[in-house]
Amino acid sequence: MVILITGGCGFIGSNFIRVILQAREDVEVINVDKLTYAGNLANLLDVKGHFSTRYRFIKGDIADKDFVKEVFEKFDPDWIVHFAAESHVDRSILEPEDFIRTNIYGTYNLLEFSRMSWPLEDSRSLAKKRFLQISTDEVYGSLGETGLFTEKSPYDPSSPYSASKAASDHLAKAYFRTYALPVIITNSSNNYGPYQFPEKLIPLTITNARKGVELPVYGDGKNVRDWLFVEDHCSALLCVLDKGIPGECYNIGGHCEKENIEVVHTICDLLDERLGRTEGRPRRDLIKFVTDRPGHDRRYAIDPSKIKKLGWQPRVSFEEGIRTTIEWLLENTPWVENILNGTYRDYYKKQYGESVNGHP
Ligand code: NAD
Ligand code: DAU
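Now for a quick tour of the structure. (Residues numbered from 1 in each chain as written. Chains lettered and ligands numbered in written order. Predicted model: local features only at pLDDT ≥ 70, side-chain atom pairs only at ≥ 80, totals over all residues. Heavy atoms only, no water.)

Turning our eyes to something else, we now look at unusual backbone geometry. Positive phi, normally seen in glycine, also occurs at leucine 35, with a value near 55°. Accessibility expressed as a relative area gives 16% for leucine 35, which makes it buried. Positive phi, close to 75°, is recorded for tyrosine 195, a residue that is not glycine. With respect to the helices, strands and loops of the structure, tyrosine 195 is situated in the loop between strand E7 (191-192) and helix H8 (201-211). (Buried < 20%, exposed > 50% of the residue type's maximum accessible area, 1.4 Å probe, protein only. Helix = DSSP H or I, 4+ residues; strand = E, 2+ residues; numbered from the N terminus.)

Structure (structure tokens):
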């Protein structure tokens, strides 16, 4: 079984590669990643060592048609697990173009080459194929004070990021309806945990609070996100690959709604407890309320009943997950520092040499 994983050098993709290689001895993983600023080969150093016969990395851009064609011709994948994306909302507000290119056009390329490579007329062979489109709850837009997103909630994206994800989900659905491509879509809430790039709220706050640097909180800090530990997201994806039905969508979340300010307070207090106060002052003093994000969705919250019927449930509470994340970042100081000083970008040269162009 060959699984093509896109964006495997990012946060969720790298966690998922580790999980699936451990869970399934019958799979071989081909990880295709462009190594944008968010892609980090250091996220997979242990995987490269432990699973050298079942894991392969190829540097490349999913928006490059020739590259995607070559990958399909060479590896003939059975499953596609598609994580690759520009993922940060703030960046999409400043420079939307890469979001359109990667998230929409890149997804189109993968769908199109899957359609051309897979035996769409032979239902028995097709039954073994899967195209898993990893999406987000942000496609649904914002909730008011009550209610939950279900799989039937209308798409109503607010940012260029979420609009590009919504567009790619629509394409994926259309490929199921038009060509019977066995597509499944998952819409997850906010993930956190090891290997998350320190631009996102939780790792950014931990990194800054540790150093005693200002902690920016957008608007009034009362926007609500529904937090999911990354390993629980990965186990949900394994469950959907195993038991999900083509053409269906599954919302993934663990009923863990928190206001941003509550998350930031928790991190400050845990770091004070773990490291002592910074210059005698509580870390909460570092919080600075700053201008709000334009189009900032007020509240996200997932109804996960449908995926729970497949037998999945989250295992890690926020209290446990946030402590694990803090400990991981404290124990992996070089991982953070190499990102902050830019040297993480040298890993490719160190591991693969300058002459390798990354093509298969
Ligand atoms: P990330 O930004 O950490 O990683 C994205 C990865 O994709 C990087 O390794 C990057 O190099 C790669 N990539 C980007 N453009 C590429 C291209 N053109 N070709 C090949 N590779 C490319 O993202 P993440 O947080 O791990 O998110 C992964 C997926 O999960 C995304 O599709 C995102 O929309 C979705 N998602 C994320 C969250 C979350 O909370 N982080 C929640 C729900 C859904
Ligand atoms: O809901 C799923 C989405 O979660 C994913 O699809 C996205 O890829 C992922 O980036 C995440 O999007 P958010 O915009 O919710 O995540 P972010 O960490 O950027 O922000 C979380 C909340 O914290 C949001 O309400 C904005 C706020 N925030 C963020 C940052 C970076 C701050 O108040 N201060 C900050 O410095």
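It is worth spelling out the sheet that holds strand E6 (residues 183-188) at this point. Taken in spatial order, the seven strands of this open sheet run E3-E2-E1-E4-E5-E6-E11, and their pairing is parallel. Strand pairing shows two members of the sheet lacking a second neighbour, strand E3 (55-59) and strand E11 (249-252), which therefore form its edges. Here the strands of the sheet are splayed against their neighbours by 20° on average, with no regard to which way each runs. Examined bridge by bridge, strand E5 (residues 130-136) and E6 share six bridges and lie parallel to one another. The residue bridging leucine 132 from the neighbouring strand is isoleucine 184, located in E6. The sheet contacts of helix H7 (residues 160-179) involve E5, E6 and E11, and relative to E5 the element is tilted by about 155°. (Pairing = 2+ DSSP bridges. Axes fitted to C-alpha atoms, helices over the stretch in contact; angles between N-to-C directions. Contact = heavy atoms within 4.5 Å.)

As a structural note, the neighbourhood of ligand 2 is formed by 22 residues, with Asp137, Tyr161, Asn190, Arg293 and His296 the closest of them. In this structure, glutamate 138 approaches ligand 2 through a side-chain N or O atom, which is 2.7 Å from an oxygen atom. In this structure, an oxygen atom belonging to ligand 2 sits 2.9 Å away from a side-chain N or O atom of asparagine 260. In the complex, the protein chains occlude 94% of the 690 Å² of accessible area that ligand 2 would expose alone. For the shell around ligand 2, the elements supplying multiple residues, two or more each, are H8 and strand E8 (215-218). With three residues, E8 is the largest single contributor of residues to the shell around ligand 2. (Near = heavy atom within 4 Å. Polar contact = N/O pair within 3.5 Å; in protein donor to acceptor, adjacent residues only side chain to side chain. Areas by Shrake-Rupley, 256 points an atom, 1.4 Å probe, with all protein chains shown as cover.)

By nearness alone, 28 residues border ligand 1, and Ile12, Asp33, Ser87, Tyr161 and Lys165 come closest of all. Within the backbone of isoleucine 12, an N or O atom sits 2.8 Å from an oxygen atom of ligand 1. Lysine 34 places a polar main-chain atom, nitrogen or oxygen, 3.0 Å from a nitrogen atom of ligand 1. In the complex, the protein chains occlude 97% of the 840 Å² of accessible area that ligand 1 would expose alone. Looking at the shell around ligand 1, the elements with two or more residues in it are helix H1 (11-23), E5 and H7. Broken down by element, the residue count for the shell around ligand 1 peaks at three residues, all from E5.

An ideal rise of 1.5 Å per residue puts 28 Å on 20 residues; H7 measures up with 28 Å between its terminal C-alpha atoms. What H7 keeps buried is the set Tyr161, Ser162, Ser164, Lys165, Ala166, Ser168, Asp169, Ala172 and Tyr175. For H7, the secondary structure elements touched by its buried residues are helix H4 (89-94), helix H5 (97-117), E5 and E6. Once H7 ends, the next one or two residues include alanine 180, with phi positive near 60°. (Expected span 1.5 Å × (residues − 1).)

What follows covers the packing of aromatic side chains. This model, assessed by the stated rule, comprises 19 aromatic pairs. Pairing tyrosine 175 with tyrosine 179 gives two aromatic rings, centres 4.9 Å apart and planes at 55°, and the pair type is tilted. Taken together, the residues span about one helical turn, with tyrosine 175 and tyrosine 179 both in helix H7 at a distance of four residues. Residue classification places tyrosine 175 among the buried residues on the basis of a relative accessible area of 7%. Taking relative accessible area as the criterion, tyrosine 179 reaches 30% and is therefore assigned partly exposed. Both rings, one in tyrosine 195 and one in tryptophan 328, keep their centres 4.6 Å apart while their planes meet at 55°; by these two values the pair is tilted. (Phe/Tyr/Trp six-rings, centres within 6.5 Å; stacked < 30°, edge-to-face > 60°.)

The values are spatial; any link to function lies outside them.
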